[in-house]
Amino acid sequence: MTPELARRAPKVLLHDHLDGGLRPQTVVELAEAVGYDALPEAEAGQLARWFQESADSGSLVRYLETFAHTLAVMQTKESLRRVARESVQDLAADGVVYAESRYAPEQHLEAGLTLEEVVEAVNAGFREGEALAAEAGHPIRVTALVTAMRHAAKSTEIARLAVRYRDEGVSGFDIAGAEAGFPPTRHLDAFEYLRRENAHFTIHAGEAFGLPSIWEAIQWCGADRLGHGVRIVDDVLVAGRPFPEWLESNRHDERALVDLDLADVKLGRLAAYVRDMRIPLEMCPSSNLQTSAALSIALHPITLLKRLRFRVTLNTDNRLMSNTSMSKEAVLLAEQAEWDLTDLRWVTINAMKSAFIPFDERLATIEGVIKPGYRQLGYMG
Ligand SMILES: O=c1[nH]cnc2c1ncn2[C@@H]1O[C@H](CO)[C@@H](O)[C@H]1O
Ligand SMILES: [Zn+2]
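It should be emphasised that the depicted structure is a prediction, and the values quoted were computed from it without experimental measurement.

A. Broad picture of the sheet that holds strand S8 (residues 241–242). Strand order in this open sheet of three strands is S8-S7-S9, and the pairing throughout is antiparallel. In the strand order of this sheet, the two ends are held by S8 and strand S9 (265–267), each with one partner. Relative to S9, strand S7 (residues 236–238) is paired through three bridges, and the arrangement is antiparallel. Considered in S9, the bridge of Val238 is made with Val265.

Here it is as structure tokens:
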């Protein structure tokens, strides 16, 4: 899979943070415009490197500290609108045909905006971005997920916001932020409210913390999807040994996951439940390397979970902090874990099936955009 082929292939993105995907140049320009003088670097190229290196800390908590600088320049309607517009244009240029972009409205109130004003400014930017992308020959649709921060106490308010704007561009709800010490059950009220409203939500779980977090997200909170969910492999046995331990002793074998005999693999109850119920996993390989949730691209559990036919989706998480894009994630997996165009098409269709927009619209995108797009690239499945 060449970078060009990966770019031209239609792709679907379910897990992308708006405040983690700014253009470095835009951060510089907005900082100048709003008088924010605490950027660690003044020049866009240097700043891009700073974000990537700082996010490479090996810890989720330190990774998340880098967001102080993007959030600082996303406090006005104009800046939110610009960031949203540009993110749509960037995704479309990379061949993404449908995306769900998430952000935490509660983090954009420092200059006096209301939650509603934040949502409306972002939506306006998304609509402008869609129009510009269509003009440029790369049609895309983008909906928003509103995130509540798991250490804070605003989740019910944000859940209400998701329902209020459900017919105006907001397709669902999420919780994010530091995972250890902040179990999703702290926000049960919000999730129960959303379920009563027949609304959709995903929960960041199984990234910096393991199975209890995934179990709570699914069995207590009722999450429709899992953000990351990569540590579901803690509930997998390989030749009778826990997967993490087996992987550790095979860490020098780049082909360990590609060559593994699936007859030696046994799922625990929770992993089996996740696979049986087709619970979508929003997997983000590059991001996981930076927070130490995975060892390498070659040994990222996504390749095992794909081979086991979990409902795997491929995502960017934070394009700025990971210096990535959907096509880069695909190329990395192709180069280091033997993924091919068939795999990319499979995760793309998985993602579209798992999107929070109505079923008929998902189907129309699969049949009318994704399948024909892959046929055009020579896919003959
Ligand atoms: O991988 C992640 N795990 C948990 N939280 C995250 C991740 N990436 C970003 N955010 C958090 O989500 C907020 C809203 O977009 C960001 O401000 C960041 O704090
Ligand atoms: Zn995330």
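Further notes follow.
B. Representation of the pairing of strand S2 (residues 96–103). The element S2 is extensively covered by neighbouring structure, given that eight of its eight residues are classed as buried. Two elements, strand S1 (residues 11–17) and S2, share five bridges in a ladder whose sense is parallel. Bridging across to S2, Asp16 finds its partner in Ser101. Pairing analysis gives six bridges linking S2 to strand S3 (residues 141–149), with the strands arranged parallel. Within S3, the position partnered with Ala99 by the bridge is Val142. You can see the chain leave S2, run along helix H7 (residues 115–135) and come back into S3, and the turn it takes is right-handed.

C. Region of interest: the site of ligand 1. Taken together, 16 residues lie near ligand 1, and His17, Asp19, Gln107, Glu207 and Asp317 sit nearest. Contact distances for ligand 1 include 3.2 Å between an oxygen atom and a side-chain N or O atom of His228. Here an oxygen atom of ligand 1 and a side-chain polar atom of Asp317 are 2.8 Å apart. Relative to its free-state accessible area of 410 Å², ligand 1 is covered by the protein chains to the extent of 98%.

D. The arrangement of empty space enclosed by the protein in detail. Applying the stated criterion across every chain, the model contains one cavity of 30 Å³ or more. A volume near 30 Å³ is recorded for the largest cavity. If you go around the largest cavity, the residues you meet are Gly21, Leu22, Arg23, Thr26, Val83, Glu86, Ser87 and Asp90. Here the lining of the largest cavity is composed, by residue class, of two nonpolar, three polar and three charged.

E. Representation of the coordination of the zinc ion (ligand 2). Around the zinc ion (ligand 2), the donor atoms from the protein are His15 (NE2), His17 (NE2), His204 (NE2) and Asp317 (OD), and they sit 2.1 to 2.2 Å away. Viewed at the metal, the four donor atoms of the zinc ion (ligand 2) are separated by angles of 82 to 171°, and the geometry they form is irregular. Counting along the primary sequence, the residues that act as donors to the zinc ion (ligand 2) give the motif H-x1-H-x186-H-x112-D. Placement of the pair is His17 in strand S1 and Asp317 in the loop between strand S11 (312–314) and helix H16 (326–337), with a sequence separation of 300 residues. Using a relative accessible area of 9% as the deciding quantity, one classes His17 as buried.

F. Quick look at the side chain of Glu329. Its place among the elements puts Glu329 in helix H16. Of the side chains bearing the opposite charge, Lys328 lies closest to the buried Glu329, which forms no salt bridge; the N-O distance is 8.3 Å. Those residues in contact with Glu329 that sit more than four places away from it in its chain are Pro285, Ser286, Leu314, Asn315 and Thr324.

G. Expanded view of helix H17 (residues 341–354). In this model, H17 (14 residues) spans 20 Å end to end at C-alpha, consistent with the 20 Å of a helix rising 1.5 Å per residue. Among the 14 residues that make up H17, twelve are buried, leaving the element largely enclosed by the rest of the structure. Among the residues making up H17, those that are buried are Leu341, Asp343, Leu344, Arg345, Trp346, Val347, Thr348, Ile349, Asn350, Ala351, Met352 and Ser354. A distance of 3.1 Å separates the backbone nitrogen of Thr342 from a side-chain oxygen at the start of H17, and that oxygen is part of Asp340.

H. Fine view of the environment of Ala223. Note that Ala223 resides in the loop between helix H10 (211–220) and strand S6 (225–228). Assessed through its relative accessible area of 8%, Ala223 is described here as buried. C-alpha separation for the pair Ala223 and Asp19, spaced 204 residues apart in sequence, amounts to 23 Å. Once residues within four sequence positions are removed from consideration, Ala223 is found in contact with Phe201, Ile203, Ala217 and Ile218.

Reading guide: rules and limits
Residues numbered from 1 in each chain as written. Chains lettered and ligands numbered in written order. Predicted model: local features only at pLDDT ≥ 70, side-chain atom pairs only at ≥ 80, totals over all residues. Heavy atoms only, no water. Pairing = 2+ DSSP bridges. Helix = DSSP H or I, 4+ residues; strand = E, 2+ residues; numbered from the N terminus. Buried < 20%, exposed > 50% of the residue type's maximum accessible area, 1.4 Å probe, protein only. Right-handed = clockwise from strand over helix to strand, strands pointing away. Near = heavy atom within 4 Å. Polar contact = N/O pair within 3.5 Å; in protein donor to acceptor, adjacent residues only side chain to side chain. Areas by Shrake-Rupley, 256 points an atom, 1.4 Å probe, with all protein chains shown as cover. 1 Å grid on protein atoms, 1.4 Å probe; cavity = no way out; pocket = protein on both sides within 12 Å on 5 of 7 lines; lining within 4 Å. Points joined across faces, edges and corners; volume = space filled by probe spheres on them. Nonpolar A, V, L, I, M, F, W, Y, C, P; charged D, E, K, R; others polar. Donors = N, O, S within 2.8 Å, 3.2 Å for Na, K, Ca; no water. Tetrahedral: all angles 85-135°; square planar, octahedral: opposite > 155°, others 65-115°. Lys, Arg positive; Asp, Glu negative; His and termini not counted. Salt bridge = Lys/Arg side-chain N within 4 Å of Asp/Glu carboxyl O. Contact = heavy atoms within 4.5 Å. Expected span 1.5 Å × (residues − 1).

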